[in-house]
Amino acid sequence: MVPPCEIMIDGELKPGGSYCDVRNAKLPPTKWSEAFDMKEYVWFDLYFE
């Protein structure tokens, strides 16, 4: 599960999450749901030429 945290937006604390564990796990996006109990997410790949 993505660890909960709070972030300041326009002077108001809002619920958020840290995705560092997802990034650091070096798993393909197809495994995120299983490994981190993520229900919905979007990913994209950037290719530089």
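Relevant structure appears above.
It should be emphasised that the depicted structure is a prediction, and the values quoted were computed from it without experimental measurement.

A. Quick peek at the overall build of the protein. Along its length, the protein carries 2 helices and 2 strands. With the C-alpha coordinates of the protein rotated into their principal frame, the extents come out at 40 × 30 × 20 Å. Burial analysis of the protein (49 residues in total) assigns 10% to the buried set. Sequence separation of 24 or more characterises 10% of the internal contacts of the protein that already satisfy a separation of 6 or more. Approximately 4700 Å² of the protein is accessible, and the part contributed by carbon and sulfur atoms is 57%. Distance between charge centroids for the protein: 6 Å, based on 5 positive and 9 negative side chains.

B. Focus on the environment of Gly-16. Relative to the elements of secondary structure, Gly-16 occurs in strand β2 (residues 12–17). Sequence-wise, Gly-16 and Glu-6 are 10 residues apart; in three dimensions their C-alpha atoms are separated by 5.2 Å.

C. Structural view of the pattern of salt bridges. This model, assessed by the stated rule, comprises 2 salt bridges. With a shortest N-O distance of 3.8 Å, Lys-14 and Glu-12 are connected by a salt bridge. Under the relative-accessibility criterion, Glu-12 is labelled partly exposed at 45%. Taking the shortest distance from any N to any O, the salt bridge between Asp-37 and Lys-39 comes out at 2.8 Å. Overall, the relative accessible area of 41% leaves Asp-37 in the partly exposed class.

Conventions we followed
Residues numbered from 1 in each chain as written. Predicted model: local features only at pLDDT ≥ 70, side-chain atom pairs only at ≥ 80, totals over all residues. Heavy atoms only, no water. Helix = DSSP H or I, 4+ residues; strand = E, 2+ residues; numbered from the N terminus. Buried < 20%, exposed > 50% of the residue type's maximum accessible area, 1.4 Å probe, protein only. Contact = heavy atoms within 4.5 Å. Areas by Shrake-Rupley, 256 points an atom, 1.4 Å probe, with all protein chains shown as cover. Lys, Arg positive; Asp, Glu negative; His and termini not counted. Charge placed at Lys NZ, Arg CZ, Asp CG, Glu CD. Salt bridge = Lys/Arg side-chain N within 4 Å of Asp/Glu carboxyl O.

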